[in-house]
Amino acid sequence: MDNWLEVTVETTDAQMDDLAARLTMNGAEGLVLEDEADFKRFLEENRQYWDYVDDALLERMKGVARVKFYVTDDDAGRARMAAALAGIDAPVSTVPLKEEDWAYGWQKYYQPMEVGEKLYIVPEWEREKPVPQGRTAVCLNPGLTFGTGSHASTQLCLGLLEERVSPGERVLDLGCGSGILSIAALLLGAREAVGVDIDPKAVDVAYENAALNGIGRDRYTVRAGDILSDAALVKEIAGKGPYQTVLANIVADVIIPLSAQAHRFLAPGGVFLCSGIIDTRADEVAGALERNGLRILARRERDGWCALAACLR
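Residues numbered from 1 in each chain as written. Predicted model: local features only at pLDDT ≥ 70, side-chain atom pairs only at ≥ 80, totals over all residues. Heavy atoms only, no water.

The next subject is the packing of helix H9 (residues 252–259) against helix H11 (residues 282–291). Interhelical geometry of H9 versus H11 gives an angle of 10 degrees and a closest axis separation of 8 Å. With respect to H11, the axis of H9 lies roughly parallel. By crossing handedness, the relation of H9 to H11 is classed as right-handed. In this structure, H9 contributes Ala-252, Ile-255, Ile-256 and Ser-259 to the contact, and H11 contributes Glu-284, Val-285, Ala-288 and Leu-289. The residue inventory of the contact of H9 with H11, partitioned by class, reads six nonpolar, one polar and one charged. (Axes fitted to C-alpha atoms, helices over the stretch in contact; angles between N-to-C directions. Helix = DSSP H or I, 4+ residues; strand = E, 2+ residues; numbered from the N terminus. Parallel < 35°, antiparallel > 145°, perpendicular 65-115°, else oblique. Left-handed = near helix turned anticlockwise from the far one by under 90°. Contact = heavy atoms within 4.5 Å. Nonpolar A, V, L, I, M, F, W, Y, C, P; charged D, E, K, R; others polar.)

Encoded structure:
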């Protein structure tokens, strides 16, 4: 199987055609031209790899244009690359690829990120790199659908979680998706965690991400089902509790009815952390929590999103 080099030359929309012409004159073949519109189309066509798109990533890609070409990853290919780039004064980067890597071009958009004061979200392919001092690494495979930690709502929830999770406690993650929140809780010292998601694919995804972090099924249980309508599931999950922390990074329309069931899961003194709330509906959600016997402890907002922490009155 051949190995290849993807050669990327940075440019601007205005200069892209001229750069492509010069590369062609120098012998480059099979050029791929990308501009901001291509990036947005790429996101749309590959949306199965993420739940939300980070606003910071969109800003970073604003106005960016690239010309790419491919050469074999050997002496002959590198000589062709050098000839194609002769006389061109522009930033150039290369990425080694195997034939099967074409399906994973989206990986270049994910880099490790610091979240809150303690956490460090690491894509699986970056796991061997050093972790900043004082940070706890949470390794994820963002290519497994669901959450990656880049969205403001997830970061708000992680920030509240790291402030409140205590060693030895039980955690329930409702709408667990990739498992990022419950896995982070376990890495921060929780003894056991249970995750639930309405999408059956989340079970394998969360277990795989847990395994990447050395967490086994003796500490982590994931179930598929609708916690709002499945009485048997509610009974099973409640039976594994009570939980000192219950997480729900979903949407307002699910958090509101969930708040009526919080008392089934929360231990005395436990905390219900909810996020995924558009700021224009934050007061509505806070009101529902209070009507359902919860007291608001904290409210955090970022980039148009809100997260709330509450406890039983």
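Turning our eyes to something else, we now look at helix H6 (residues 180–187). Burial analysis of H6 places seven of its eight residues in the buried class, which makes it a mostly covered element. Within the span of H6, buried status applies to Ile-180, Leu-181, Ser-182, Ile-183, Ala-184, Ala-185 and Leu-186. After H6 finishes, the residue Gly-189 shows a positive phi value of roughly 125 degrees. (Buried < 20%, exposed > 50% of the residue type's maximum accessible area, 1.4 Å probe, protein only.)

Another point: the environment of Arg-217. By the element assignment, Arg-217 lies in the loop between helix H7 (201–212) and strand S10 (220–224). By relative accessible area, which is 59% here, Arg-217 ends up exposed. Considered as a pair, Arg-217 and Tyr-207 are 10 residues apart in the sequence and their alpha carbons are 7.7 Å apart.

Interaxial distance between helix H5 (residues 152–164) and H6 falls to 10 Å at its minimum, and their mutual angle equals 25 degrees. Overall, the two elements H5 and H6 adopt an arrangement that is roughly parallel. As H5 runs across H6, the sense of the crossing is right-handed. Here Thr-154, Cys-157, Leu-158 and Leu-161 of H5 lie close against H6, whose contacting residues are Ile-180, Leu-181, Ala-184 and Ala-185. Residue classes in the contact of H5 with H6 are distributed as seven nonpolar, one polar and no charged.

Scope: geometric values only; no functional claims are made or implied.
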